[in-house]
Structure formats: structure tokens, C-alpha cells
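A look at the structure
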Amino acid sequence: MLTMNDYSDPPHTIVPLWKTPPPVEEMPEHVYEQSFEETQTPELSPQEQSVEPYATVIVRLLNSEIYESEKVWESLLEHRIPVMDYFARIGLEVIIDQREGLAFLKQIELDDTGRTVGLVKRTSLSYEVTLLLVLLREVLEDYELQDTTSPACFVSHQKIRDELGLFFRESANKVKLLKQLDRYIRQVMDLGFLKLVNDVPQPEDRLYEIRRILKAKIGGDVLEDIRRTLARHAEH
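Throughout this document, residue positions are counted from 1 along each chain, in the order its sequence is written. Residues qualify for local features only when their pLDDT is at least 70, as the model is predicted, and side-chain atom pairs are given and counted only at 80 or more; totals for whole chains, interfaces and linings, by contrast, use all residues. Heavy atoms from the whole structure form the basis of all side-chain values; hydrogens and water molecules are not counted.

Structural notes on the overall build of the protein
Every helix listed is a DSSP run of H or I at least four residues long, and every strand listed is a run of E at least two residues long, numbered separately from the N terminus. Counting secondary structure elements, the protein contains 11 helices and 6 strands. We call two residues in contact whenever any of their non-hydrogen atoms come within 4.5 Å of each other. A sequence separation of at least 24 residues applies to 53% of the contacts in the protein between residues at least 6 apart. When the accessible surface of the protein is split by element, carbon and sulfur atoms take 52% of a total near 17,100 Å². Residue exposure ignores everything except the shown protein chains as possible cover, and the areas themselves are Shrake-Rupley values with a 1.4 Å probe.

Structural notes on the pairing of strand β6 (residues 207–210)
Where strand β4 (residues 153–156) meets β6, 4 bridges bridge the pair, whose relative direction is antiparallel. For Cys153, the partnering residue across the bridge sits in β6 and is Ile210. Here strand β5 (residues 194–198) runs beside β6; their pairing, made up of 4 bridges, is antiparallel. What sits directly across from Leu196, in β6, is Tyr208. Any two strands with at least two DSSP bridges between them are considered paired.

Re the packing of helix α6 (residues 127–144) against helix α7 (residues 157–165)
Following both chains from N to C, one finds α6 and α7 inclined at 115°, their axes separated by 11 Å at the closest point. As summarised for this structure, α6 and α7 are arranged roughly perpendicular, according to the angle between their axes. Two packed elements cross with a definite hand, and for α6 against α7 that hand is right-handed. Contact residues: α6 offers Leu131, Leu132, Leu135, Leu136 and Val139, while α7 offers Lys159, Ile160, Glu163 and Leu164. Under the scheme applied, nonpolar residues are Ala, Val, Leu, Ile, Met, Phe, Trp, Tyr, Cys and Pro; charged residues are Asp, Glu, Lys and Arg; polar residues are all the others, including Gly. When the residues that make up the contact of α6 with α7 are grouped by side-chain class, the tally is 7 nonpolar, no polar and 2 charged. To get an axis, fit a line to the C-alpha atoms, keeping to the stretch in contact for a helix; angles then go from 0 to 180 degrees between the N-to-C directions. In these notes the angle categories are as follows: under 35 degrees is roughly parallel, over 145 is roughly antiparallel, 65 to 115 is roughly perpendicular, and the rest is oblique. Helix crossings get a hand from a simple test, with the near helix turned counterclockwise from the far one by less than a right angle marking a left-handed crossing and a clockwise turn marking a right-handed one.

Examining the packing of aromatic side chains
Within a pair of aromatic rings, the relevant descriptors are the distance that separates the centres and the angle that separates the planes. Pairing of aromatic rings covers Phe, Tyr and Trp, the last through its six-membered ring, and needs centres within 6.5 Å; plane angles under 30 degrees mean stacked, over 60 mean edge-to-face, and all others mean tilted. In this structure the tally under the stated criterion is 1 aromatic pair. Between Tyr86 and Phe87, the aromatic rings sit 5.3 Å apart at their centres with planes inclined by 85°, giving edge-to-face as the arrangement. With a relative accessible area of 0%, Phe87 lands in the buried category. Think of it as a cone above the ring: NZ of Lys or CZ of Arg counts as a charge over the ring if it is within 6 Å of the ring centre and within 35 degrees of the ring normal. When the ring centre of Tyr67 is taken as origin, the NZ or CZ atom of Arg211, which lies over that ring, is 4.1 Å away. Three labels apply to residues, based on accessible area from a 1.4 Å probe with only protein chains included: buried if under 20% of the type maximum, exposed if over 50%, partly exposed otherwise in between.

Details of the environment of Ile213
One can find Ile213 in helix α10 (residues 213–217). Residues Ile213 and Tyr67, spaced 146 residues apart in sequence, show a C-alpha to C-alpha distance of 9.1 Å.

Any functional reading would require information beyond the geometric quantities listed.
Next up, the structure:
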């Protein structure tokens, strides 16, 4: 059993494990110079000082949606009030969905007729592209019902081909659709709803990510309306 007598030093004595540092005057001068330079903040030019800190967010939203995986997302959250105020003055609303991890612009209706400032371009979709969007929206919906921790939903080119073929009764229409499938997929990619993950020569080996903006643009009610329209179209 150890007692206080077993220690050579009194209990209040602390023995340092390091050597005594050299006097300040003996330390090299370049150490101080380096430390000072590293703490200096670079000066901004007059042009940079006149630009709003959220300018990158504005430009990015005018071009496409923003996802939480992008660096600009943090800037958007930090400057969300001035960003929203800026777009409100030009007839646009900033939709920030933190649960889905994305943000995009929506036109504000100026009156009961649905009139807008027309800054966001409206695109007319063909029957085939609309059908493809409904299919992708359903794939995304089924994916979210699964017990998964990954927010990204992927679909293969072959699955798109197989699922679309089920919508056509006549083989002639089916052949025509599948022949132009690559063109329809490119149109959906241009709309920002699909992202090519692996660009390989053989189309059937390609993999795409279904972007979450599709869910925001085509909600449950809109999806049902499109389904009814497609059903009527198929009857004729």
C-alpha cells in the first residue's frame, strides 16, 4: 500500500515534463514575422467592396436551383433576408426547403389572372417528356418510402426504357418512343430534373440521379392532374 512517504516530492510540488523555453530574445525573428503575416486579412479592392456579399447567390438562383451540397448554400442561409427582398422587388419568390435541401425561384402572380413579370421562362412540354417526368416522379416517390439514409435517388437508363414501354398498348407507338428516348432524356436533363452520373458509350449502362427539384415543381396535386390528363390521352 502506497503512502505519502512513498513519494520523493511533496504532494503539492509539480515537476514539469518539458524543458525551460529559451529567452524571448534568443528566438528567431522570422517566427514573429511569419505569425504576423498569417493573421493579416487581405484587403478588398474598391470594386469588391461595392459588391453585395450575396451577389453569388443571386446569380446562381437566376440560373438554376441551389442544393445544400453546394458551397453557395451556406451563403444563401446567411443572407436569406436580403436575397428574398431583392427578388421580391422584381416579382420573384425564393423557395428555401431545408428539409429537402434545395432552393429555387418561383414567379409571383401579380393578379387573379396569373399574370407574372415573365422573368422565369415557361417551357411547353411534349406528351413524351411529360410522361417521362411522371415516371421519374413516381420512382422518386417510391424511393422515399424506403428505409434509406441517402437522399440521392438513382435510376438506370434501362429501367426508364422498361417502365416507359408499359404505357403504350400499340407496339408502333412504343417503338417510336424508345427510338427517341435519348432525346427525351436530354430534354429532361436540360430542365434540371435529371443528372447523368456515369457517361458511358452504351446508353443502357448509363445511370442518372433524379434531382429533388422535380418533387418541388411537380407536387402531389399536380402529379394527379397530369396522370388524369395522360389517362385521357391514352384512351384516344
